[in-house]
Amino acid sequence: MEYSIKDIKLFREGEKKVIWALNHMPVIEKLRKLYSKNKIFKGYKIGACLHITSETANLVMNFKQAGAEVSLCASNPLSTQDEVAAYLVKNGISVFGKRGESSKEYYRNIEEVGKRLPHFVIDDGGDLITFLHQKENYRKKIIGATEETTTGVIRLKNLHKQKLLKFPVVAVNNAKTKYLFDNRYGTGQSTIDGLLRATNILIAGKIVVVCGYGWCGKGIAMRFKSMGARVIIVEVDHLKALEAVMDGFWVMPISEASKLGDIFITATGNTSVITINEIKMMKNGVILGNSGHFNVEIKMDEIEKYTRNKKRIRNGLYEYILKNGKKIYILGEGRLLNLACAEGHPPEVMDMSFANQFLSIKYLKENPSLEINVYDVPEEIDKQVAKYKLETMNIKIDTLTEQQKKYLSSWNLGTL
Ligand SMILES: NC(=O)c1ccc[n+]([C@@H]2O[C@H](COP(=O)([O-])OP(=O)(O)OC[C@H]3O[C@@H](n4cnc5c(N)ncnc54)[C@H](O)[C@@H]3O)[C@@H](O)[C@H]2O)c1
């Protein structure tokens, strides 16, 4: 079995982390028990491009134990947990990824996964699927793919709009049991975690500017507010901006917020949200980080050009002395800071996201002739994941009575 990781000897450390995460991923554990006995993926190859974390390890081990041959590369050069990669290799997964790999290595590792001619592809951000669209030879056996995040889904829908998509994709991000929890509570908590691990500063009393009030931005803003920060939201969508106002946040353009903030977090999925023009207006000593998928939200190239001196302060934190004499601090090189400076989302939310991944790949296997399109996760899967999650949390809910069902499907019963 081929692989390319930092150090296989790290596997014992990885094993402890993966088991710890599994203890908090009861739905993944349940699916493992349900589908490993009759090896439903025997004879199938799965190629995945995901953050190589302990939670991902539990997803790929589900596929492996259900009979699949799995290869895995990283979906970000800074998110790989090398000890987890070592654990996976020890357990028969072909892993290609090292924390801190160069852009060239990152794409070489994506190619390694492509070369294995997968039947199913699991992507996070769309880099693997995009690569496979440029290499006809590597996509010969593909039945379908899944996409984990908002940015990846946008890219794939654009690809399909241009009639260039070559196989069906299930947009796992669009499951309610994914974005309402992973994007909101996962990104909310892990962004704070990344900031604190890299800086150890006090949040109470700080002015925090959150760019983007989508599902990630909402979670980030909510958590900063609850820790005593004064939060400003920057948006381009009237509805989202209105929601932010009524949720109790200050809302203003980035040009105004730039002068006020102590901490800036981008989570828009867009490019050039904070450019050198905004940076020049900022106070001395501000901290900037990005929790959106790609490292394009803060213009790092412009910052580098406008920098007189740069030094590493702590893990995940760099000081830039700008040409105007001010200092700014950048988290995780402008890459998604919750993975670059911390460990990404907690296992409890990845439990639901990855249950959707597992069941969506099973759905693609059971429906091998889907037309080429970007599909939402079937509602039954979404509901099943919510049901399993509540069951494993030992939470019971009510059911509709026959009379209530009849009432809800009627039109003639009004005011009594
Ligand atoms: N860090 C993580 O672990 C993690 C987890 C999930 C998603 N993501 C990524 O985070 C990003 C946001 O995801 P989401 O699910 O919140 O998306 P979303 O579509 O729900 O929200 C994005 C918001 O940003 C706003 N926006 C766009 N351009 C803007 C600009 N120039 N200035 C201000 N606001 C702008 C949009 O109007 C929208 O409200 C995506 O790149 C997604 O892939 C990261």
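The rules behind the values
- Residues numbered from 1 in each chain as written.
- Predicted model: local features only at pLDDT ≥ 70, side-chain atom pairs only at ≥ 80, totals over all residues.
- Heavy atoms only, no water.
- Helix = DSSP H or I, 4+ residues; strand = E, 2+ residues; numbered from the N terminus.
- Rg over C-alpha atoms; globule rule 2.2 N^0.38 Å.
- Buried < 20%, exposed > 50% of the residue type's maximum accessible area, 1.4 Å probe, protein only.
- Contact = heavy atoms within 4.5 Å.
- Pairing = 2+ DSSP bridges.
- Axes fitted to C-alpha atoms, helices over the stretch in contact; angles between N-to-C directions.
- Parallel < 35°, antiparallel > 145°, perpendicular 65-115°, else oblique.
- Nonpolar A, V, L, I, M, F, W, Y, C, P; charged D, E, K, R; others polar.
- Domains from an automatic or database assignment.
- Buried area = accessible area lost by both parts, 1.4 Å probe.
- Salt bridge = Lys/Arg side-chain N within 4 Å of Asp/Glu carboxyl O.
- Polar contact = N/O pair within 3.5 Å; in protein donor to acceptor, adjacent residues only side chain to side chain.
- Near = heavy atom within 4 Å.
- Areas by Shrake-Rupley, 256 points an atom, 1.4 Å probe, with all protein chains shown as cover.
- Left-handed = near helix turned anticlockwise from the far one by under 90°.
- Phe/Tyr/Trp six-rings, centres within 6.5 Å; stacked < 30°, edge-to-face > 60°.
- Lys NZ or Arg CZ within 6 Å of the ring centre and 35° of its normal.

### Structural notes on the overall build of the protein chain
Piece 1. Looking only at helices and strands, the protein chain features 17 helices and 15 strands.
Piece 2. Taking 2.2 N^0.38 as the reference for a compact globule, 416 residues should give roughly 22 Å; the C-alpha atoms of the protein chain span a radius of gyration of 22 Å, in line with that estimate.
Piece 3. Considering only C-alpha atoms, the protein chain reaches an extent of 70 × 65 × 45 Å along its principal axes.
Piece 4. Relative to its 416 residues, the protein chain shows a buried fraction of 55%.
Piece 5. Partitioning the contacts of the protein chain with sequence separation of at least 6, the portion at a separation of at least 24 is 70%.

### Concerning the sheet that holds strand β6 (residues 169-171)
Piece 1. In spatial order, the strands read β3-β2-β1-β4-β5-β6-β15; together these seven strands make up an open sheet with parallel pairing. One side of each edge strand has no neighbouring strand; the edge strands of this open sheet are β3 (94-96) and β15 (374-376). Taking the axes of each pair of neighbouring strands and ignoring which way they run, one obtains an average angle of 20 degrees across the sheet.

### So, the packing of helix α2 (residues 26-36) against helix α3 (residues 54-65)
Piece 1. Where α2 contacts α3, the two axes come as close as 9 Å, and the packing angle between them is 10 degrees. Between α2 and α3, the interaxial angle falls into the category roughly parallel. On α3, the residues touching I28, L31, R32 and S36 of α2 are N58, L59, M61, N62 and Q65.
Piece 2. A per-class count over the contact of α2 with α3 returns four nonpolar, four polar and one charged.

### A closer look at the domain arrangement of the protein chain
Piece 1. Segmentation of the protein chain into domains returns domain 1 (8-178 + 345-392) and domain 2 (185-340).
Piece 2. If you average the C-alpha positions of domain 1 and of domain 2, the two centres end up 29 Å apart.
Piece 3. Each side of the interface is counted separately: domain 1 has 17 residues, and domain 2 has 14 residues.
Piece 4. Both sides together, the interface formed by domain 1 and domain 2 hides about 1,200 Å², and carbon and sulfur atoms give 63% of it.
Piece 5. Applying the counting criterion to the domain 1 and domain 2 interface returns zero salt bridges.
Piece 6. Summed over the shared surface of domain 1 and domain 2, the number is six residue pairs in polar contact (both at pLDDT 80 or more).
Piece 7. When grouped by side-chain class, the residues that make up the side of domain 1 that touches domain 2 number four nonpolar, nine polar and four charged.

### Regarding the environment of E333
Piece 1. With respect to the element layout, E333 can be found in the loop between β14 (327-331) and α14 (337-340).
Piece 2. Of the residues examined, E333 reaches a relative accessible area of 41% and is grouped as partly exposed.
Piece 3. Expressed as a C-alpha distance, the spacing of E333 and T392, which sit 59 residues apart in the sequence, is 38 Å.
Piece 4. Each residue touching E333, except ones within four places of it in the same chain, is listed here: L78 and M300.

### Some details on the environment of K45
Piece 1. With respect to the helices and strands, the residue K45 is situated in strand β1 (residues 45-49).
Piece 2. Residues K45 and K98, spaced 53 residues apart in sequence, show a C-alpha to C-alpha distance of 22 Å.
Piece 3. Setting aside its immediate chain neighbours within four residues, K45 contacts E69, R116, L117, P118, H119 and F120.

### Quick word on the site of the ligand
Piece 1. Near the ligand you find 26 residues, and of these T149, T150, T151, E235 and N338 are the closest.
Piece 2. One of the side-chain N or O atoms of T150 is found 2.7 Å from an oxygen atom in the ligand.
Piece 3. The protein chains hide 87% of the 860 Å² of surface that the ligand would expose on its own.
Piece 4. Mapped onto the shell around the ligand, the elements with two or more residues apiece are α7 (150-161), α8 (176-199) and α9 (215-226).
Piece 5. Considering every element that reaches the shell around the ligand, the biggest residue donor is α8, with three residues.
Piece 6. Split by residue class, the shell around the ligand holds seven nonpolar, 15 polar and four charged.
Piece 7. If you count residues domain by domain, the shell around the ligand takes at least three from each of domain 1 (8-178 + 345-392) and domain 2 (185-340).

### Concerning the sheet that holds strand β12 (residues 307-314)
Piece 1. The sheet built from eight strands is open, its strands ordered β9-β8-β7-β10-β11-β14-β13-β12 with mixed pairing. The open sheet is flanked by β9 (250-251) and β12, the only strands paired with a single partner.
Piece 2. Bridging between strand β11 (residues 286-290) and β14 involves three bridges; their strand directions are parallel. Each bridged residue has a counterpart across the sheet, and for L288 the counterpart in β14 is I330.

### Some remarks on the packing of α3 against helix α15 (residues 347-366)
Piece 1. In contact at an axis separation of 10 Å, α3 and α15 are set at 30 degrees when each is read in the N-to-C sense. Classified by the interaxial angle, the pair formed by α3 and α15 is roughly parallel. Judged by the twist between their axes, the crossing of α3 over α15 is right-handed. Contact residues: E55, T56, L59, N62 and F63 in α3; P347, M350, F354, Q357, F358 and I361 in α15.

### Some points on the packing of aromatic side chains
Piece 1. Under the defined criterion, the tally for this structure stands at 11 aromatic pairs.
Piece 2. Measuring from ring centre to ring centre gives 5.3 Å for F41 and F63, while their planes differ by 65 degrees; the resulting arrangement is edge-to-face. Of this pair, F41 sits in the loop between α2 and β1 while F63 sits in helix α3, placing them 22 residues apart in sequence.
Piece 3. When the ring centre of Y388 is taken as origin, the NZ or CZ atom of K30, which lies over that ring, is 4.6 Å away.
Piece 4. Here K365 stacks its cationic end above the ring of F41, 6.0 Å away from the centre of that ring.

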